[in-house]
Amino acid sequence: MTSAHSKLYSDDVSLVVVVVDTNPFFWATAALPFADFFANLVHFVNSILLLNHLNRVVVIASGVSSCAYIFDSSDASPAGGVGVAATFDKASRRVEEFIAQDARATAANSSAASANAAALLSGALSLAMCYIQRIFRSGTRHPQPRILCLQGSPDGPEQYVAVMNSIFSAQRSMVPIDSCIVGTQDSAFLQQASYITGGVYLKPQELNGLFQYLAAVFATDLHSRTFLRLPKTLGVDFRASCFCHKKTIDMGYVCSVCLSIFCKNQKKCSTCG
Amino acid sequence: MRLNVHFRSIKCHKVGSKQARSLLKLCGGPDKGGDYMFEFDNAADRDQCRDFVAMVLGQHQGTIPPIPNIPHESVASTGLEQLTAAEVEQRMKLLRENSELQKLHMKFVLGKILQESEFWATRKEANNASKQRPAFKSAMLDLEPSVDGQTNKVTYRITTEKIHQIFVEKPAVHRAFLDSVPEKMSEAHFWSKYCEAETLLRTQNTALAAAHAAVDELLAVFLKSDDILAKEAKFKIKQVDPTLDMEPDAGDYYSRLLDHRILRDGSIQTVDTNSEFVMRTLSQDLNQHAAVVLEGRSHDVKLTDTKTLAEELARLKKEPSSCYNTDDANHERLVNVAHVTCMEDLQAPRNLVYAPLCIKNPREYLESQQANALRSLGGSNDGKKACNCSLSTDDAFFHLIDQVSSIKANRLNCNVVDSNVALKVFNELNKGISYSRSHNLKNPHENILGQLPGQTRDELMDHWASIQELLRHFWLSYPITSAALGDKVERLKDAMAQIYQKLQDMKESAAPDVRHEMSQLVKPMMQAMDAAFSHDLEQQQKCSKGKGTSPAGLETRRVAWPVQSSI
C-alpha cells in the first residue's frame, strides 16, 4: 500500500513506530531473554536512524495494564558520541520506570493479573495512531509512517473490538502495520492487521538472529517495498467459522444483531443474547 | 417455344419492384449463360414462381435438404411443412451466419435423425423477425434544401416520414394543416408555404419575416413561435413538484435568455429575442426532438396519405385527455408537498432508543476468529498454548526489571548476531519467499481444457454441443403420445449411444497425464445420457406392465437439462 504521495518530500524517509511487548508474564518464560531482545531492538533502531538522517523512530511499550512512549528520536540530542550513550541511558531508564509503573497499575487492578495476561496491544496501537496523526497534521513535509509490532504475548480477546478499530483506522490513513512474532503462538490480530493494511507478517524461527530478520525485512521503507520481494503469507482464509464448533462453514445462520455465525439454528445468540 | 435452363446454372434470383412490371430475374453468372428475365401477368403468379425457385435453389445449394419423402412409419399429422419464402430465406441466413448451428443441422437433419420441422421448432424465436416498430430517427429533422446557385432555386424534399415527424414535433403546424388542407389549399401549396417560412427563418431577417407574416396568414403561423408547445410547456411546469430545483429546467419556458442562443446551424442568434419571428434555438429544438423520440410511436401509423396521418395524430392526441388542474388536484398536491418538505431544524429531536452491543463472552468470540486466522498461517501453532506462567505478578515484574538492569549494566554487545545464525536466517527467508512466490504465481488461466491437445478439445466441445441438442429433443418428446414421437426417441437414443461409445473410447485412449481431467470432463456428459437412457428404460417397463393404458396418462413430464460441466 502506498502512502499519500502528495505529502512526501523524499520517498524513502520513514517514521517507524515500534510497539514493544513488555508483558512480564511472557518474558519470564520466553526462549529469548528480554535483555537480548532489547539489545537487538536497539541495534535495529540505530540502523533505521542511520539509513537516512531524516528518519524517525518512536518506541512505545505495551505492558499489562498500561502503555507509554519510551523513546522518540526527534527528542534526541544532536549527533555525537556522548549523545548516543546518553540517549541509550535515557531509554533504558525510561523502560525501567515504565515497568515499575505498570507493576503498580497491575497490582492495583487485580483482574488483569493472570498468567495468561495479554499485552495491551489496543492501547499501544491507539497511541501509535495518535502520534502518526499528529505527524500528518504537522505540515506537508513529513516522513512516511508505518507501525512495527513486536509481539510475544497471546491475543487478549477482550481487546478484539478495540484492536480491530485501530486496524481500520490505520488502513484508512494508509499506515501499514508490520508484525514480528517473537513468541511461540501466532497472533490472529496481527495477522489480520498486516493483511488489511498491507504490511508484512513474520514469525521468525531463529530468534537468536532477530536483528537479522528485523534488518532484512522490516527496515525497508515503503517506497522500496514496491520493488522488493518480502515474505508473504500464502493467503488469508476468509471463510467464516461457526462460533459453536469453530469449524469452517459455507452456509449457516447469522444473528441479525451482532452478525455472529452459527452452524445450527439457535434461539439465543451466545455472543450478544 | 421452350426454354430449358438447369437450376444448377442459376446462382440467385431477384424480383422487380411492385410498381413496375412483375419481373423475375434469374442470374446465372457470366460463364453460365447470363441472366434470364421473366415477366408475369400479375404479381401473384410471379410470387408463386419466386417461392418455388427459392426452394429449389436452396436445395441445390445444400443448405436445405430435400423435403423428406415421408417413409412408411409416418403419421399424417406431420405433413410437408409449408414454408414461405421469407422463412426459408431466414433459415438460410441463420445457417449461414452461425456455423455451429450449421454443423448441428448437417449432422441431425441430413443424417435423418431429426426432422427439419423439429429442428427449427425450438428455434422459432430466432426465426421470428422482430416485430419491433421502428421509432423516429434520432437525428434531428433537417429539411436539407438543395440550393441551385445558377437559377437561385431552393429545392426542398419532403417525405412522408419527415411529415410525420414535423407533425409530432410542431403541433402548431399540425393544427394549421388540419385546418387548411384540403379546404383552403392543396397539400403541395401548404408544404411550399412551409418551406418558404423555413427559408425566411434561416435568414434571420426579422423585418422581412414580419412583412411576410403580415401578408400571409399561414406564413404567420409558421413563422411565429409555436404557441401549442408553449402552452404544453407551461402546463408541464405547473405539474412539477415545487420542491424540485427548477433552475436548470427553466430554459424552455421562461425565456431564451438562459441558453446560449445557438441556432441549428451553429450561428449565434443576433436578432432581438423578444420578437415573435425568431427561430427556436438549438437547445429548444433538441429538447423537443428528444422528447418526441423518447415518447415513441404509440401505434403503427401507416404513412400513406398526409391527410389521414394528420387526422390520426389529432385523434390520438385527444385521447390522453389533458386533465387541467382542478382545485381538488391542486389542493392534494399542495398537501403532498407539505409532507415532503420538512425542515429538519424545526423538528423536535428524535432520540431513538438503542441497545448497545455487548459481547457476552469475548474469549469465545475471539477464539472463533482466531481459528480462522491461525489456520491460514499453516498451522504453525503447534497446538501448544503458552506455557502457563507459574510466577506471581510481583515475581514476573521483578524478573523483568532485573533484565533491564542487566542491560544498563552491560551496555550493548557489539556483536549482536553471530554470522552462522545470520546465514541461517537468510536461507530461511529465501526459502519462504520463493515458496510463496511459486505458490502465488500459478497461472490462473490454466484450466483443464487448456491442458488437453487441441484436437481432443474440439472433439469434446463438438460432442458436448451434440449431446445438448439431442437431449433437448429427447426430453421434449416425453410423454410419448404417438408413434412418431416414439420413433424420434429411438433415433435420438441411437445417436446418443453412438456418442456415448465415442466418449468411452476417448476416455480410454487419453494420455495418462490428462486421463483424470478427461474423465472429469466426460463424466457429466455421460451422466446426462445415462439419465436419459434409464428414463427411457423405465418408460418402456411401465409401458409393458400397464398394457393398454397409455403411457402418457400417468407420467409427469421430466424436464431436466443436463448439468453444465465446469468448462
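The name given to chain B in an unreviewed UniProt entry is BSD domain-containing protein, and the organism recorded there is Digitaria exilis.

Looking at an unreviewed UniProt entry, one finds chain A named General transcription and DNA repair factor IIH subunit TFB4 and attributed to Digitaria exilis.

A. Representation of the overall build of chain B. Secondary structure assignment for chain B yields 21 helices and five strands. Scored against the burial criterion, the 567 residues of chain B give a buried share of 31%. For chain B, long-range pairs separated by at least 24 residues make up 62% of all intrachain contacts whose partners lie at least 6 apart in sequence. For chain B, the accessible area works out to roughly 37100 Å², and carbon and sulfur atoms hold 53% of it.

B. Inspection of the overall build of chain A at higher detail. Tallying secondary structure elements over chain A gives eight helices and eight strands in all. Out of the 273 residues belonging to chain A, those deemed buried represent 55%. Partitioning the contacts of chain A with sequence separation of at least 6, the portion at a separation of at least 24 is 65%.

C. Here's a closer look at the environment of H212 of chain B. Residues and elements named next belong to chain B. You can see H212 is positioned in helix 9 (residues 206-215). Taking C-alpha positions, H212 is 9.1 Å from L223, a pair spaced 11 residues apart along the chain. Excluding anything up to four places from it in sequence, H212 contacts E196, L200 and L219.

D. Summary view of the packing of aromatic side chains. One pass over the structure, following the stated rule, counts 15 aromatic pairs over all chains. Between F177 of chain B and W191 of chain B, the aromatic rings sit 6.0 Å apart at their centres with planes inclined by 35 degrees, giving tilted as the arrangement. Note that F177 of chain B is positioned in helix 7 (residues 171-180) and W191 of chain B in helix 8 (residues 187-203), a separation of 14 residues in sequence. Chaining the aromatic ring pairs together yields one cluster made of F26, W27, F34, F37 and F38 of chain A.

E. Helix 4 (residues 121-136) of chain A, seen in detail. Helix length check: helix 4 of chain A (16 residues) gives 22 Å between terminal C-alpha atoms against 22 Å at 1.5 Å per residue, within 8%. The set of residues buried in helix 4 of chain A consists of L121, S122, A124, L125, A128, M129, Y131, I132, I135 and F136 of chain A.

F. Structural detail: the sheet that holds strand 6 (residues 201-202) of chain A. Residue and element names in this part refer to chain A. Strands sit in the order 3-2-1-4-5-6 across an open sheet of six strands; the sheet is mixed. Each edge of the sheet is formed by a strand with only one pairing partner; in this case those strands are strand 3 (67-72) and strand 6. With five bridges connecting them, strand 2 (residues 56-62) and strand 3 associate as antiparallel partners. Bridge assignment links V59 to a residue of strand 3, and that residue is F71. Its contacts with the sheet place helix 4 against strand 1 (14-21), strand 2, strand 3, strand 4 (144-151) and strand 5 (177-181), and it is angled at close to 165 degrees to strand 4. Contacting strand 4, strand 5 and strand 6, helix 7 (residues 210-218) runs over the sheet at an angle of about 160 degrees to strand 5.

G. Inspection of the packing of helix 6 (residues 160-169) of chain B against helix 8 of chain B at higher detail. Residue and element names in this part refer to chain B. Between helix 6 and helix 8, whose axes approach to 14 Å, the crossing angle comes to 65 degrees. Comparing the axis directions of helix 6 and helix 8 gives the class roughly perpendicular. Seen from above, helix 6 lies across helix 8 with left-handed handedness. Residues I163, I166 and F167 of helix 6 pack against E187, W191 and Y194 of helix 8. A class-by-class count of the residues in the contact of helix 6 with helix 8 yields five nonpolar, no polar and one charged.

H. Representation of the pattern of salt bridges within the structure. All names here are of chain A. Enumeration according to the criterion identifies nine salt bridges over all chains in this entry. Salt-bridge contacts for R146 lead to D178; the nearest nitrogen and oxygen are separated by 3.9 Å. With R146 in strand 4 and D178 in strand 5, this residue pair connects regions lying 32 residues apart in the sequence. Each member of the pair, R146 as well as D178, carries the same accessibility label: buried. Connected through shared salt-bridge partners, R146, D178 and R225 make up one network.

I. Structural view of the side chain of S62 of chain A. Residues and elements named next belong to chain A. Topologically, S62 is positioned in strand 2. What makes S62 buried here is its relative accessible area of 0%. Those residues in contact with S62, other than ones at most four positions away along the chain, are V19, V20, D21, T22, N23, C67, F98, A119, L120 and A124.

J. Structural view of the confidence of the model for chain B. Residue and element names in this part refer to chain B. Summary statistics for chain B give a mean pLDDT of 71 and a share of 64% for residues scoring 70 or more. Across chain B, the secondary-structure element scoring lowest on mean pLDDT is helix 5 (residues 124-127), at 55, and the one scoring highest is helix 20 (residues 483-509), at 86. A low-confidence stretch, residues 320-324 stays under pLDDT 50, and its non-local contacts, those more than four residues away or across chains, total two contacts. This model gives residues 379-387 a pLDDT under 50, and the stretch forms 13 contacts once residues within four places in sequence are excluded. Listed scores for the predicted complex are pTM 0.46 and ipTM 0.79.

K. Spotlight on the packing of helix 19 (residues 454-476) of chain B against helix 20 of chain B. All names here are of chain B. Between helix 19 and helix 20, the shortest axis-to-axis distance is 10 Å and the interhelical angle comes to 155 degrees. It follows that helix 19 is roughly antiparallel to helix 20 by the angle criterion. Of the two elements, helix 19 crosses helix 20, and the hand of that crossing is left-handed. Contact residues: helix 19 offers T456, E459, L460, H463, S466, I467, L470, L471, H473 and F474, while helix 20 offers K488, V489, L492, K493, A495, M496, I499, K502, L503 and M506. Considered class by class, the residues forming the contact of helix 19 with helix 20 number 12 nonpolar, four polar and four charged.

L. Quick look at unusual backbone geometry. All names here are of chain A. A positive phi is found at M174, a non-glycine position, where the angle reads about 60 degrees. Considering the arrangement of structural elements, one finds M174 in the loop between helix 5 (160-172) and strand 5. The partly exposed category is assigned to M174, whose relative accessible area is 32%.

M. Focus on helix 9 of chain B. All names here are of chain B. Inspection of helix 9 places T206, A209 and A213 among the buried residues, and these make up the whole buried set. Taken around the axis of helix 9, the buried residues stretch over an arc of 60 degrees, which confines them to a single face. Seen from the buried face of helix 9, the exposed residues on the opposite side, beyond 90 degrees, are A207, A214 and V215. Looking at the buried side of helix 9, the elements it contacts are helix 10 (217-223).

N. A look at the pairing of strand 4 of chain A. Residues and elements named next belong to chain A. Counted residue by residue, strand 4 has eight buried out of eight residues, so it is predominantly covered. Neither face of strand 4 is left uncovered, since the one carrying Q144, R146, L148 and L150 and the one carrying P145, I147, C149 and Q151 both have all their residues buried. With five bridges connecting them, strand 4 and strand 5 associate as parallel partners. Looking at the pairing, L148 lines up with D178 of strand 5. Taking the sense of rotation as the criterion, the β-α-β connection linking strand 4, helix 5 and strand 5 turns out right-handed.

O. Representation of the pairing of strand 5 of chain A. Residue and element names in this part refer to chain A. For strand 5, a buried count of five out of five residues is recorded, marking the element as mostly surrounded by other parts of the structure. Both faces of strand 5 are covered, namely the face carrying I177, S179 and I181 and the face carrying D178 and C180. Here strand 5 pairs with strand 6 via two bridges, running parallel. The residue of strand 6 that forms the bridge with C180 is L202. One crossover worth recording links strand 5 to the parallel strand 6 by way of helix 6 (residues 188-197), and it is right-handed.

P. A look at the environment of L476 of chain B. Its location among the elements puts L476 of chain B in helix 19. Measuring from C-alpha to C-alpha, the distance between L476 of chain B and V489 of chain B comes to 9.7 Å, with 13 residues separating the pair along the chain.

Q. Fine view of the nonpolar core. In terms of nonpolar packing, the biggest core is built from 55 residues, with V18, F37, L150 and F218 of chain A touching the most fellow members. Counting residues per element, this core draws most heavily on helix 2 (residues 34-51) of chain A, which supplies nine residues. Dropping the residues within four chain positions of it, L150 of chain A is found in contact with V18, V19, V20, D21, F37, L41, C180 and L214 of chain A. Grouped together as the second largest cluster of nonpolar side chains are 32 residues, L492, M496, M518 and V522 of chain B included.

The rules behind each value
- Residues numbered from 1 in each chain as written.
- Chains lettered and ligands numbered in written order.
- Predicted model: local features only at pLDDT ≥ 70, side-chain atom pairs only at ≥ 80, totals over all residues.
- Heavy atoms only, no water.
- Helix = DSSP H or I, 4+ residues; strand = E, 2+ residues; numbered from the N terminus.
- Buried < 20%, exposed > 50% of the residue type's maximum accessible area, 1.4 Å probe, protein only.
- Contact = heavy atoms within 4.5 Å.
- Areas by Shrake-Rupley, 256 points an atom, 1.4 Å probe, with all protein chains shown as cover.
- Phe/Tyr/Trp six-rings, centres within 6.5 Å; stacked < 30°, edge-to-face > 60°.
- Expected span 1.5 Å × (residues − 1).
- Pairing = 2+ DSSP bridges.
- Axes fitted to C-alpha atoms, helices over the stretch in contact; angles between N-to-C directions.
- Parallel < 35°, antiparallel > 145°, perpendicular 65-115°, else oblique.
- Left-handed = near helix turned anticlockwise from the far one by under 90°.
- Nonpolar A, V, L, I, M, F, W, Y, C, P; charged D, E, K, R; others polar.
- Salt bridge = Lys/Arg side-chain N within 4 Å of Asp/Glu carboxyl O.
- pLDDT = per-residue confidence, 0-100.
- Arc of directions from axis to C-beta.
- Right-handed = clockwise from strand over helix to strand, strands pointing away.
- Core = buried A, V, L, I, M, F, W, Y, C linked by side-chain atoms within 4.5 Å.

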